[in-house]
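# Fold and contact review
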Amino acid sequence: MGARGELFTTQIYLDNRSYFFNVKENRTGDVFLQIVESKSRDGAEADRHQIAVFSEDMQKFLQGMEKSLEFIEKDRKARQKAIREKKAAKEAKYGAGAKAAGGKKIYHIKSDRNAEENPKYEPPVKKSGRVHVVSKKSDNK
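Residues numbered from 1 in each chain as written. Predicted model: local features only at pLDDT ≥ 70, side-chain atom pairs only at ≥ 80, totals over all residues. Heavy atoms only, no water.

### Describing the environment of Thr28
Here Thr28 shows up in the loop between strand E2 (17-25) and strand E3 (31-39). Of the polar contacts made by the side chain of Thr28, one reaches the side chain of Asn26; its length is 2.9 Å. (Helix = DSSP H or I, 4+ residues; strand = E, 2+ residues; numbered from the N terminus. Polar contact = N/O pair within 3.5 Å; in protein donor to acceptor, adjacent residues only side chain to side chain.)

Structure representation (structure tokens):
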């Protein structure tokens, strides 16, 4: 993924205007098309403003839009395919889930191999929720 979530970019250059068709992905994973019109000014920075496409420029505008829409469609199909493959791999590893268990979820718990080697530490005084005071003085009388 490129800068600022860009997935695909194409440009159309006209006399004094440039159109940028940016396919982007936001933080939540939604893919969208951003259309920016940049108009050059005499010796100054380019002025970016609301898009106004004229009829004589419509063909070039639509060509760029078609390229972007084709990319979005290919990307959507690739994502769906990847999701299906990931789901199939998960089902192969853990079973069919709810279908195999008769509607119940199956949870896999990792075994604790080190439990025998390192027994769990238990304090010398049972905790009952009350404050316990344990003296460290020896019983030398």
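Having seen the structure, we can now continue with the description.
### Here's the deal with the packing of aromatic side chains
Given two aromatic rings, one states the distance between the centres and the angle between the planes to describe the pair. One pass over the full model with this rule turns up three aromatic pairs. Note on Phe8 and Phe71: the rings are 4.8 Å apart at their centroids and 15° apart in plane angle, and the pair reads as stacked. In this pair, Phe8 is assigned in strand E1 (residues 6-13) and Phe71 in helix H1 (residues 58-94), connecting sequence segments 63 residues apart. Of note, Arg48 hangs over the ring of Phe20, and the distance from its end group to the ring centre comes to 5.8 Å. (Phe/Tyr/Trp six-rings, centres within 6.5 Å; stacked < 30°, edge-to-face > 60°. Lys NZ or Arg CZ within 6 Å of the ring centre and 35° of its normal.)

### A closer look at the side chain of Thr10
Mapped onto the elements of the fold, Thr10 is located in strand E1. Discounting chain neighbours no more than four positions away, the residues touching Thr10 are Tyr19, Phe20, Phe21, Gly64, Lys67 and Ser68. (Contact = heavy atoms within 4.5 Å.)

### Section: the pairing of E1
Inspection of the sheet shows E1 paired to E2 by seven bridges, in the antiparallel sense. Looking across to E2, one finds that Gln11 is bridged to Phe20. Connecting the antiparallel pair E1 and E2 is a turn made up of three residues. (Pairing = 2+ DSSP bridges.)

### A few points about the pattern of salt bridges
Inspection of the entire model under this criterion finds four salt bridges. Taking the shortest distance from any N to any O, the salt bridge between Arg79 and Glu25 comes out at 3.3 Å. Within this pair, whereas Arg79 is found in helix H1, its partner Glu25 is found in strand E2, the two being separated by 54 residues in sequence. Between Glu73 and Arg76 there is a salt bridge, with its nearest N and O atoms 2.3 Å apart. Of this pair, Glu73 and Arg76 are both found in helix H1, three residues apart, which corresponds to roughly one turn of the helix. For Glu73, a relative accessible area of 32% corresponds to the partly exposed category. Here the residues in one salt-bridge network are Glu25, Asp75 and Arg79, joined through shared partners. (Salt bridge = Lys/Arg side-chain N within 4 Å of Asp/Glu carboxyl O. Buried < 20%, exposed > 50% of the residue type's maximum accessible area, 1.4 Å probe, protein only.)

### Here's the deal with the confidence of the model for the protein chain
Regions with low pLDDT should not have their predicted coordinates read in detail. Of all residues in the protein chain, 58% have pLDDT values of 70 or greater, and the mean over the chain is 75. When pLDDT is averaged over each helix and strand of the protein chain, the minimum, 78, is found for strand E4 (residues 47-49) and the maximum, 90, for H1. (pLDDT = per-residue confidence, 0-100.)

### Some words on the pairing of E3
Bridge count between E2 and E3: nine bridges; the pairing is antiparallel. Note on E3: the bridge partner recorded for Phe21 is Ile35. Here E2 hands over to E3 after five residues, with Gly29 in that stretch at a positive phi of 95°.

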